[in-house]
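Descriptive structure summary
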2 protein chains.
Amino acid sequence: MTKAVVLLSGGLDSATVLAEAKAAGFECYALSFDYGQRHTVELDAARRVARATGVADHVISRIDLRRFGGSALTSDLDVPKGRELDHMAEGIPITYVPARNTVFLSFALAWAETLPASDIFIGINAVDFSGYPDCRPEFLRAFEEMANLATRLGTEGEARIKIRAPLMSMNKAQIITRGVELGVDYALTSTCYDPSEQGSPCGACDACLLRAKGFADAGFADPLLG
Amino acid sequence: MTKAVVLLSGGLDSATVLAEAKAAGFECYALSFDYGQRHTVELDAARRVARATGVADHVISRIDLRRFGGSALTSDLDVPKGRELDHMAEGIPITYVPARNTVFLSFALAWAETLPASDIFIGINAVDFSGYPDCRPEFLRAFEEMANLATRLGTEGEARIKIRAPLMSMNKAQIITRGVELGVDYALTSTCYDPSEQGSPCGACDACLLRAKGFADAGFADPLLG
């Protein structure tokens, strides 16, 4: 069985990507990060999703991006609430964590090299990349190019390292529809940027609003709210 | 004053690079890693070098690359001793840590973006890149390309992010000669892959042998042994 490293935040997108990787026949190694995010309830979600989907291993790497500052997700900055969906796409949002996907993919690359696994899955999609520079296809292509020069696997290995983002061109409704087809239990996931300590979503941050619109457009009820 | 992030391992090369960055007029932000390496004495060396050189800030990031395995520097694998210099260049050595420079540069990029600093210095050189894939110029160019697509700084900023490796085309003797010119105190540095608990070099690993040859070729005595 071919191995793949799958970045798993515990959110809706990464849960769907993990299901895609499984469906494609990969033996999955899930990688999550405790990176000083305010909402550690997403790590509980990642554990639940990994267990429910069935992975060969699940690593939670502890790294501290707070020391570098600069994001509402790792500091006391206020997470924006109740924004119009049209306004979310303007500029780079305050919830952007500097170089986060670069750091996450670098760790995935380190693990991929030792497994070895030539496939790395990440749940980036068309909605996310409206604002985050490190969610765009050209970023992923550049990372893949670099990864193949950076490693023994890419330099001496027979297979080229591939960064796979199967959701890239899908909107939230399409992702949810695909996930339901694959049997993803979205009740296990966590999406909110600012959940309660018990893990209840706030219902008003960008992430909650995009999730709600996605379920509405797809014609499904969100099991998290059921 | 223009800011720069400087990767500082506490070794001979990174101490020289830090001095180069200072000499070039940068306000320096030194970044070291506690990455589960066997020889944490190099972190003490990094602290001494940062203090002696004078930096605006020095961060030691704790990340655990041991969980991914695969290197003599982070595991119980034996560090090779007493090898002929000619044989060191054959293949990728057992001391290679998978994706290490990619991970280190990703953290430097995160910090650079929040400072902001558009210059990142790394002490890669011609001797190192004989065996490590992530010490080659083409790797650095690919990382730089990726970095400018990954970040707000690279996307919206006025300055292009630059990965600077001023030692790239220098051998150890040239690096030491340049460092002596710049006033680097090599007594503060630590190079050995397998030092004693007190920090004394083993004198027989690849790193010790390359350092000894460098000082001999440059015509200086190594103050660490004095």
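Preceding block: the structure.
Position numbers for residues start from 1 in each chain and track the written sequence from start to end. By the order in which they are written, chains take letters starting at A while ligands take numbers starting at 1. Where local features are concerned, this predicted model is filtered to residues with pLDDT of at least 70; where side-chain atom pairs are given and counted, the filter is 80 or more; whole-chain, interface and lining totals use all residues.

All names here are of chain B. If DSSP finds at least two bridges between two strands, the strands pair. The helix count covers DSSP runs of H or I at least four residues long, the strand count covers runs of E at least two residues long, and both are numbered beginning at the N terminus. Pairing is parallel in the open sheet, where 5 strands are placed in the order S3-S2-S1-S4-S5. Both edges of this open sheet fall to strand S3 (57-62) and strand S5 (162-164), since each of them pairs with a single strand only. Taken over all neighbouring pairs, the strand axes of this sheet differ in orientation by 25° on average, direction set aside. When strand S4 (residues 119-121) meets S5, the two strands line up parallel, connected through 3 bridges. Within the sheet, the bridge partner assigned to Phe 121 lies in S5 and is Arg 164. To get an axis, a line is fitted to the C-alpha atoms, and for a helix only the part in contact is used. The angle between two axes follows their N-to-C directions and goes from 0 to 180 degrees.

Formed by 126 residues in total, the largest nonpolar core has its most connected members in Val 6 and Ala 108 of chain A together with Val 6 and Ala 108 of chain B. With C-beta atoms placed from the backbone, a contact is any residue pair whose C-beta atoms sit within 7 Å. The contact partners of Val 6 of chain A, leaving out residues within four places of it in the chain, are Val 17, Leu 18, Ala 21, Cys 28, Tyr 29, Ala 30, Leu 31 and Phe 121 of chain A. For this analysis, nonpolar core means a set of buried Ala, Val, Leu, Ile, Met, Phe, Trp, Tyr and Cys residues linked through C-beta atoms within 7 Å. Any residue whose C-beta has 12 or fewer other C-beta atoms within 10 Å is treated as exposed, any with 20 or more as buried, and any in between as partly exposed, C-beta atoms being built from the backbone.

Once that is clear, we can look at the interface of chain B and chain A. Between chain B and chain A, the residue contacts involve 37 residues of the former and 36 residues of the latter. Broken down by secondary-structure element, the contributors of at least two residues to the side of chain B that touches chain A are S3, helix H4 (100-114), helix H5 (137-150) and helix H6 (152-156) of chain B. With 9 residues, H4 of chain B is the single largest residue contributor to the side of chain B that touches chain A. Residue composition of the side of chain B that touches chain A, grouped by class: 20 nonpolar, 8 polar and 9 charged. We call Asp, Glu, Lys and Arg charged. Ala, Val, Leu, Ile, Met, Phe, Trp, Tyr, Cys and Pro are nonpolar, and the rest, Gly among them, are polar.

Along an α-helix, residues three or four positions apart point the same way, because every turn accommodates 3.6 residues. The length a helix should cover is 1.5 Å for every residue beyond the first. Compared with the 18 Å implied by 1.5 Å per residue over 13 residues, the 18 Å span of helix H8 (residues 206-218) of chain A between its first and last C-alpha is a close match. After H8 of chain A finishes, the residue Gly 219 of chain A shows a positive phi value of roughly 80°.

The values reported here are purely geometric and, on their own, carry no functional implication.
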